[in-house]
Amino acid sequence: MTGILERMIRHLYVHVPFCAKVCPYCAFHVHLGGGAAQREFVKALRMEWQRAREEFPLALKTIYFGGGTPSILSAELFTELAEELVAEGTSSSDSPPQEFTLEVNPATVTPKKAAAWRAAGVNRISLGAQSFDAEMLRLLGRQHAPEDIAGTCALLREQGFTNINIDLMFALPGQSEAKWEATLQAALSCEPNHISAYALTYEEDTPFFEKLQRGEWRQDEAREIAMFTHTREVLGAAGLIDYEISNFARPGFESRHNLAYWRGADYLGLGPSACSTIDAMRWRNVPNTKAYVERIARNESVREEREVLDEATRAKERIMFGLRMREGVALEEFGKDVTRLKELEADGLAFEEAGRVRLTSRGQLVADGVAGMFV
Ligand code: SF4
């Protein structure tokens with residue numbers, strides 16, 4: 001029999017849609033927004049939270065504020081919201097959350113804000129650095145300069161943050177391998193516990209995608225593979241373990257929130273465009289902040305794109321995400337897909353060891369294609 005505690009939702013994502021400027025490669029639901037818009041949003045989000053609390057049993061182990069730029073919220077608004085989530089989302093036996101992550105843009109940190117984040121329970125910072133190269137940062141439309149990143153890390157440490165992730169992007173237009181190497185070394189010199197390194201993806205309906213379509217830029221797969229391979233060598237040599245194909249951590253500093261997603265746990269998402277997966281239900285909130293705020297005020301649902309998931313679909317997802325992880329996937333998850341697994345093994349892309357299936361180094365180079373086989 002499944003106990004009530006096992007059915008509780010332990011992971012919460014909060015989408016904050018505001019950014020100081022919208023980057024030309026970004027396809028998230030984001031927009032500009034001043035103090036009044038932020039107050040309206042926080043008010044609506046607190047109401048969505050109260051409705052969710054009535055609907056689902058919650059005992060949060062992880063909270064993740066993403067976006068958007070959650071660090072753009074004023075210290076007062078952030079505190080009001082975060083304190084409510086922490087106080088009401090954790091059970092007495094389970095509090096406080098083990099991991100509370102806040103995505104932060106280097107250009108938005110002040111000592112006052114950092115102190116407020118700490119006081120409200122944030123214990124992990126994910127810093128959207130992307131590059132330590134001034135030219136690349138300009139190309140990406142980022143508002144910070146390379147030197148702001150180290151300065152922000154120092155400020156965060158002064159305020160007591162010891163668990164810091166740095167987000168980086170490679171395979172950027174005009175980025176040489178030497179520039180990427182310099183960025184990796186500069187990131188390591190900030191001594192983060194975790195680095196996420198993703199190749200740039202050209203998302204539809206973005207200015208970057210249009211440039212690609214017009215032929216102004218082109219993708220270079222060989223360069224991307226070389227940078228990916230080099231990333232693994234450099235970060236591995238620095239003692240960061242590739243616990244997921246794009247995520248590297250010192251032992252014990254893996255992102256618990258993201259591990260929960262990749263392992264197929266249930267999670268609740270709040271805010272415009274946030275996704276939730278609970279039991280056999282998945283939905284996405286309306287990806288429009290104005291509509292989100294108005295519907296909440298009218299006591300209407302903000303959930304759209306509802307899907308009913310059967311167990312087979314969730315098992316496929318566990319395979320797709322699990323193959324990207326160092327821990328791999330339990331062999332029994334493959335069920336009827338075992339024929340595909342045999343093909344991967346025959347092609348030298350995956351292997352099985354002690355009941356777990358993992359990708360080989362060659363398989364990691366084509367991980368997206370391999371995952372796509374299980375859709
Ligand atoms: S700061 Fe992040 S979320 Fe905001 S527009 Fe840029 S990439 Fe998108």
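Note that the coordinates shown come from a computational prediction; the quantities given were computed from them, not determined experimentally. Numbering of residues starts from 1 in every chain and runs along the sequence as written. In keeping with the predicted nature of the model, local features appear solely for residues at pLDDT of at least 70, side-chain atom pairs appear and are counted solely at 80 or more, and the whole-chain, interface and lining totals rest on all residues. Remark: hydrogens and water are excluded; side-chain values derive from all non-hydrogen atoms of the structure.

A.B. asks: Any chance you could explain the site of the ligand here in plain terms?
C.D. replies: Near, as used in this document, describes a residue that has one of its heavy atoms within 4 Å of the molecule or strand being considered. Neighbouring the ligand are the residues Cys 19, Lys 21, Val 22, Cys 23, Tyr 25, Cys 26, Val 30, Gly 67, Gly 68, Thr 69, Asn 105 and Arg 142. Gly counts as polar in this scheme, as do all residues outside two lists: the nonpolar Ala, Val, Leu, Ile, Met, Phe, Trp, Tyr, Cys and Pro, and the charged Asp, Glu, Lys and Arg. Split by residue class, the shell around the ligand holds 6 nonpolar, 4 polar and 2 charged.

A.B. asks: Sorry if this is basic, but what is going on with the domain arrangement of the protein chain here?
C.D. replies: For interface size, the figure often reported is the accessible area lost on association. An automatic or database domain assignment is the source of the domain bounds shown. Domain boundaries in the protein chain define domain 1 (4–262) and domain 2 (312–372). A C-alpha centroid distance of 27 Å is found between domain 1 and domain 2. In this assembly, 13 residues from domain 1 lie in contact with 9 residues from domain 2. Where domain 1 abuts domain 2, roughly 970 Å² becomes buried across the two surfaces, and 58% of that area is made up of carbon and sulfur atoms. Close ionic contact of Arg 326 with Asp 242 constitutes a salt bridge, the shortest N to O distance being 2.6 Å. A contact between two residues is defined here by any heavy atoms of the two lying within 4.5 Å. Two parts placed together each lose some accessible area under a 1.4 Å probe, and adding up what both lose gives the buried area. For this document, the term salt bridge refers to a Lys or Arg side-chain nitrogen within 4 Å of an Asp or Glu carboxyl oxygen.

A.B. asks: What exactly am I supposed to notice about helix 7 (residues 177–189) here?
C.D. replies: One turn of the α-helix equals 3.6 residues, which is why residues spaced by three or four share an orientation. Each helix is a run of H or I in the DSSP string that is no shorter than four residues. Each strand is a run of E no shorter than two, and both are numbered from the N terminus. Given a helix with a known number of residues, its expected span is that number minus one, times 1.5 Å. In this model, helix 7 (13 residues) spans 18 Å end to end at C-alpha, consistent with the 18 Å of a helix rising 1.5 Å per residue. Throughout this description, buried means an accessible area under 20% of the type-specific maximum (1.4 Å probe, protein chains only), exposed means over 50%, and partly exposed covers the range between. Those residues of helix 7 that sit buried are Trp 180, Thr 183, Leu 184, Ala 187 and Leu 188. For helix 7, the angular spread of buried residues about the axis comes to 135°, placing them on one side. In helix 7, the exposed positions that point more than 90 degrees away from the buried face belong to Ala 178 and Ser 189. Looking one or two residues past helix 7, Glu 191 carries a phi angle of roughly 55°, positive in sign. By definition, the arc is the one covered by directions from the helix axis to the C-beta atoms.

A.B. asks: Would you take a moment to explain the pairing of strand 10 (residues 275–278) for this structure?
C.D. replies: A regular strand places its side chains so that they alternate between the two faces of the sheet. Two strands are counted as paired when DSSP detects at least two bridges linking them. With 4 bridges joining them, strand 10 and strand 11 (residues 281–285) adopt antiparallel strand pairing. The partner of Ser 276 across the bridge, within strand 11, is Trp 283. Linkage of strand 10 to strand 11, two consecutive antiparallel strands, is achieved through a turn of 2 residues, within which Asp 279 is found at a positive phi near 60°.

A.B. asks: Where do I start with unusual backbone geometry in this structure?
C.D. replies: Excluding glycine, residues mostly have negative phi values, and the peptide bonds linking residues are mostly trans. Cis geometry marks the peptide bond from Gly 67 to Gly 68; its omega dihedral reads 15°. Among the structural elements, Gly 68 can be located in the loop between strand 2 (58–67) and helix 3 (75–89). Positioned with a positive phi, Ala 171 is a non-glycine residue whose angle comes to about 60°. Counting through the fold element by element, Ala 171 comes out in the loop between strand 5 (164–170) and helix 7. Backbone geometry at Asp 279 places phi at a positive 60°, although glycine is not the residue there. With respect to the secondary-structure elements, Asp 279 resides in the loop between strand 10 and strand 11.

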